[in-house]
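Structure at a glance
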Amino acid sequence: ILLLMVFPGFAQLTLESSANLIVESGSTVIVTGGIVNNSGTIDNKGTIENKGDLVNNTSTLFATTSTGTFKFNGTTAQEITGNFDAGFYGITEIDNTNGLSITTTSTGADQTINGELKFTSGTLTFNGFNLTIDSTDPTGTRPYAYVVTNSTRPLKRNVPPVSRTDTTFPRHT
């Protein structure tokens, strides 16, 4: 029985043949070489620290039951790429001073964050793709942690329930 569950992956994590990665509450998975999804699903109720790029080459990567934290925290600039929306659920955290971008190449896809978008450090850049965020206000935005809309593609936000009238977009001032 493992009481402390921290699993560092010192290579690239590749999901093939309908593979499922299940991360239980209280567990942490650290992947240093990035994640490539060719035919799998991640059900994350713990923490996944991704230190490389995220490549999603199949339908939605994250299970709708994911409530954990998926953290981008590499030491170099990171990208979300592949031909499909990863469909983030739970908390998506940007903690990389070199930033995260939706791919800088023509192959890529618009992305959706269906839970909380949390900034610790670094920026999230669109590069000609759309980003849709849930109705929850992004947290942690400040002069060194914010969304960069560097093209004509928009930041989209789901409208909060009728009982709430304010909608906040992260901005750099």
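Rules and cut-offs
Residues numbered from 1 in each chain as written. Predicted model: local features only at pLDDT ≥ 70, side-chain atom pairs only at ≥ 80, totals over all residues. Heavy atoms only, no water. Salt bridge = Lys/Arg side-chain N within 4 Å of Asp/Glu carboxyl O. Buried < 20%, exposed > 50% of the residue type's maximum accessible area, 1.4 Å probe, protein only. Helix = DSSP H or I, 4+ residues; strand = E, 2+ residues; numbered from the N terminus.

Considering all chains together, one arrives at two salt bridges under this definition. When the shortest N-O distance is used, the salt bridge between aspartate 43 and lysine 45 registers 2.9 Å. Take aspartate 43: its relative accessible area is 18%, and that puts it in the buried class. The closest approach of N and O atoms between glutamate 49 and lysine 51, which form a salt bridge, is 3.8 Å.

Let us look at unusual backbone geometry. If you check the backbone angles, serine 18 has positive phi at about 60° while not being a glycine. Mapped onto the secondary structure, serine 18 falls in the loop between β2 (13–15) and β3 (19–23). Phi at asparagine 127 is positive, roughly 55°, even though this residue is not glycine. Secondary-structure assignment places asparagine 127 in the loop between β15 (124–125) and β16 (131–133). Asparagine 127 sits in the partly exposed class, given a relative accessible area of 24%.

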